[in-house]
Amino acid sequence: MTLAPNDFVVLMPEIFVLSMACVILVLDLFLQDSERVISYWLAQLTLVFATVITLALNTGQTELVFYGTYIADPMAAVLKVSIYVVTGLAFLYSRHYLSDRKLFKGEYYVLGLFGMLGMMVMVSAHSLLTIYLGLELLSLSLYALVAFNRDAYPCSEAAMKYFVLGALASGMLLYGMSMLYGLTGTLDIELIAQALSGETVSAPMIYTASFIVVGLAFKLGAVPFHMWVPDVYEGAPTPVTLYIGSAPKIAAFAMVMRLLAESIGALQAEWQGMLVILAVLSLGIGNVVAIAQTNLKRMLAYSTISHVGFLLLGILSGTQQGYAASMFYIITYALMAAGAFGMIILLSRAGFEADQIDDFKGLNQRNSWFAFMMLILMFSMAGVPPTVGFYAKLSVLQAVINVDMVWLAGIAVFFSVIGAFYYIRLVKVMYFDKAEDEAPLAPHFDLRFVLSANGLIILLLGLFPGSLMTLCLQAMG
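This write-up is about the structure you can find in this document. Predicted model only: the values in this text are computed from it and were never measured. (Residues numbered from 1 in each chain as written. Predicted model: local features only at pLDDT ≥ 70, side-chain atom pairs only at ≥ 80, totals over all residues. Heavy atoms only, no water.)

## As for the overall build of the chain
A tally of helices and strands in the chain yields 21 helices and 2 strands. Whereas a compact globule of 477 residues would reach a radius of gyration of roughly 23 Å, the chain reaches 21 Å, a difference of no more than 12%. Viewed in the frame of its principal axes, the chain has a C-alpha envelope of about 65 × 55 × 40 Å. In the chain, which comprises 477 residues, the proportion classed as buried is 61%. If you take every contact in the chain between residues at least 6 apart in sequence, the share linking residues at least 24 apart comes to 80%. Roughly 17900 Å² of accessible area belongs to the chain as shown, and the carbon and sulfur atoms make up 68% of that amount. Counting 21 positive and 29 negative side-chain charges, the chain places the centres of these two groups 10 Å from one another. (Helix = DSSP H or I, 4+ residues; strand = E, 2+ residues; numbered from the N terminus. Rg over C-alpha atoms; globule rule 2.2 N^0.38 Å. Buried < 20%, exposed > 50% of the residue type's maximum accessible area, 1.4 Å probe, protein only. Contact = heavy atoms within 4.5 Å. Areas by Shrake-Rupley, 256 points an atom, 1.4 Å probe, with all protein chains shown as cover. Lys, Arg positive; Asp, Glu negative; His and termini not counted. Charge placed at Lys NZ, Arg CZ, Asp CG, Glu CD.)

## Considering the side chain of Lys297
Take Lys297: it is sitting in helix H14 (residues 296–316). Within polar-contact distance, the side chain of Lys297 engages the side chain of Thr238 at 3.4 Å. Setting aside anything within four residues of it in sequence, one finds Lys297 in contact with Tyr233, Glu234, Ala236, Pro237, Thr238, Thr241, Phe341, Ile344 and Asp355. (Polar contact = N/O pair within 3.5 Å; in protein donor to acceptor, adjacent residues only side chain to side chain.)

## Looking at the packing of helix H17 (residues 368–382) against helix H19 (residues 406–432)
Running from amino to carboxyl end, H17 crosses H19 at an angle of 170 degrees, the nearest separation of the two axes being 9 Å. As judged from the angle between their axes, H17 and H19 are roughly antiparallel. Between H17 and H19, the contacting residues are Ser368, Ala371, Phe372, Met374, Leu375, Met378, Phe379, Met381 and Ala382 on the first element and Ala420, Tyr423, Ile424, Leu426, Val427, Met430 and Tyr431 on the second. When the residues that make up the contact of H17 with H19 are grouped by side-chain class, the tally is 15 nonpolar, 1 polar and no charged. (Axes fitted to C-alpha atoms, helices over the stretch in contact; angles between N-to-C directions. Parallel < 35°, antiparallel > 145°, perpendicular 65-115°, else oblique. Nonpolar A, V, L, I, M, F, W, Y, C, P; charged D, E, K, R; others polar.)

## A closer look at helix H9 (residues 203–220)
For H9, spanning 18 residues, the distance from its first C-alpha to its last is 26 Å, which sits close to the expected 26 Å at 1.5 Å a residue. Counting buried residues in H9 gives 13 out of 18 residues, a clear majority hidden from the surface. Immediately downstream of H9, the backbone of Gly221 shows phi near 85 degrees, a positive value. (Expected span 1.5 Å × (residues − 1).)

## Some details on a nonpolar patch on the surface
Where nonpolar side chains cluster on the molecular surface, the patch consists of Phe8, Val9, Met12, Ile15 and Leu57 and spans about 360 Å² of accessible area. Breaking the nonpolar patch down by element, the ones donating at least two residues are helix H1 (5–10) and helix H2 (12–28). When you line up the elements, Val9 lands in helix H1. (Patch = residues over 30% accessible without salt bridge, like charges linked within 9 Å, V, L, I, M, F, W, Y side chains within 5 Å. Salt bridge = Lys/Arg side-chain N within 4 Å of Asp/Glu carboxyl O.)

## Brief notes about the packing of aromatic side chains
Tallied over the full model, the rule gives 21 aromatic pairs. Ring plane angle 80 degrees and centroid distance 5.5 Å describe the contact between Phe8 and Phe66, whose orientation is recorded as edge-to-face. Of this pair, Phe8 sits in helix H1 while Phe66 sits in the loop between strand E1 (63–65) and strand E2 (70–72); the two residues are 58 residues apart in sequence, bridging distant segments of the chain. Judged by its relative accessible area of 40%, Phe8 falls in the partly exposed class. Taken together, the ring pairs connect Tyr40, Trp41, Phe91, Tyr108, Tyr109 and Phe148 into an aromatic cluster. Against the face of Tyr97 rests Arg101, its NZ or CZ located 3.7 Å from the ring centre. Against the face of Phe310 rests Lys393, its NZ or CZ located 4.9 Å from the ring centre. (Phe/Tyr/Trp six-rings, centres within 6.5 Å; stacked < 30°, edge-to-face > 60°. Lys NZ or Arg CZ within 6 Å of the ring centre and 35° of its normal.)

## Focus: the packing of H2 against helix H3 (residues 37–57)
Here H2 crosses H3 at 170 degrees, and the two axes come no closer than 9 Å. Between H2 and H3, the interaxial angle falls into the category roughly antiparallel. On H3, the residues touching Met12, Pro13, Phe16, Val17, Met20, Ile24, Leu27 and Asp28 of H2 are Ile38, Ser39, Leu42, Ala43, Thr46, Phe49, Ala50, Ile53, Thr54 and Leu57.

## Notes on the pattern of salt bridges
Tallied over the full model, the rule gives 10 salt bridges. Across the salt bridge formed by Arg258 and Asp73, the nearest N and O atoms sit 3.2 Å from each other. Note that Arg258 is positioned in helix H12 (residues 247–263) and Asp73 in the loop between E2 and helix H4 (74–100), a separation of 185 residues in sequence. Of the residues examined, Arg258 reaches a relative accessible area of 0% and is grouped as buried. The exposure class assigned to Asp73 is buried, which follows from its relative accessible area of 10%.

## Thoughts on the environment of Met119
Looking at the element boundaries, Met119 is found in helix H5 (residues 106–123). Taking C-alpha positions, Met119 is 6.2 Å from Gly134, a pair spaced 15 residues apart along the chain. Excluding its chain neighbours within four sequence positions, the residues that come into contact with Met119 are Ile83, Leu138, Tyr243, Ala247, Pro248 and Ala251.

If you want it as C-alpha cells, here you go:
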C-alpha cells in the first residue's frame, strides 16, 4: 500500500504548522532578547497562512486520507479556523505581558503552535490512534506552558498537579479505547460504529463507554473530574490560562464528537445518562462554588466548569440541532474566555497581577470603555441578551427540550440564574465601587484594539447569530 499525493495535500495545514514551529524553534536560538519579537510575528503569520490553506482546501466534501486515519470534513474546517483565531488572540494578548516580566521567549510560541497542532490532529482524527496522538501532543505542550515561569512556585505546583491528573485522565481514556478495540477489532471510527450498530448492548460495552466518558470528562473539566481546573487556572501565568481556557476547549468538543457521536453512537442511551449526571453536577457545583471565589481566575475556572455543563446538554441530546448548538456554544465561549482573561492582562503590570475581583474596583472611573467591554463579556457569560451568550444558551436549551428533557432545561436555567450573581457582582465592582488605584489605563495600541474588537464581536454575534449558527448546522449536516 502506498500513500496517494492527495493525502499530503489534504494534510497541508498540519504540515505547514509543524514546519513553522520547527523553524521558530531553531531560529529563536540565534535571536537576541531584543529580537524575540520576530518569533512572535512568525507565529502570527503561521496562523494567518494556516487559515488561508485550510479555507482553500475546504471543498465542503468529506475526504478520508492516510488509510482512513484522517478526515477532512466541514466540521473540521470550521473548528480549525476557530482554533486559529482564538490562538492568535492568545498570542497577541500575551506579547506585552511576557515582555514586561522578562518571559518573552520563542518557546512560548513554539509550545503554543505544537499545542495547536495537537488540536488540529484531534479535530481531524478518524482513528482512535490519531485521536490519542493529538491529545498527547496537546497535553504535553500544555504541561510545559503551565510551568513556563520556572521561578514562580505556583506555576511549578500547578504544572505538577496538571501533569499527574492529566496522565490519569489519559490512562482512563486509553483504557476505554483499548476496550473498544477489543470489542470491535478496529481503530477506525466508522468501522467501530458499523460494528456496534445492531448489536445487543452488553456489559463490556457499557464498561467501555464509562471509561471513555470519564476520560473525556477529565479533559473537559466536568464535575466530579474538575479538581485540576481552578488550581491550574490560578497557578499558571495569565496568558497560559487564557490559552488553556479557550482553544483546547474547541478541540475537546471535536474529540467528544468523534468518540461519542461518531464511534459509539449506537450506545447513546448508555452514555446519554452519564452525560446528564455530569452536566447537572457541573452546572450546580460550577455556579455555586464560583460565588465564593475572590480570585478572578479561580472564579472564571468554576465558570468554565458550569459552561462545560451547558456544552454537554447539547451533546447528550444526540441530535444534529444539539450538536450544532454545542458547537456554536464552544466557539463563542472560547471568544468570551479569551476576552475575559485579556482584560486581566490589560489591568496587570510587572509586579502586579490583576487577578483579584477587588482589582477591578472603579474600573469605570479609570477607563469607561474597557469597563463596558468587560460588562459585555460578563453579561455574555451570564447569558444576558442581546449578547451571544444568551443565544448560545437558548439554542442548547432548545435542543434539550426537543428531546423531551424539559426538566433538565429547567435545572440548567435555575443554575444559570444563580450563576448570574457572580458575573453581575464583578459589574457592580467596576461601576459602583471606588477605585483603589486611580491611575488611568494606558494599554498598548494592539492590545487595546483587539480587546475592543473581541468585546464588540461578542455583542455583534448576539445581535446577528444566524450566520455562525447556519455554519455550525451545515458542519453537522
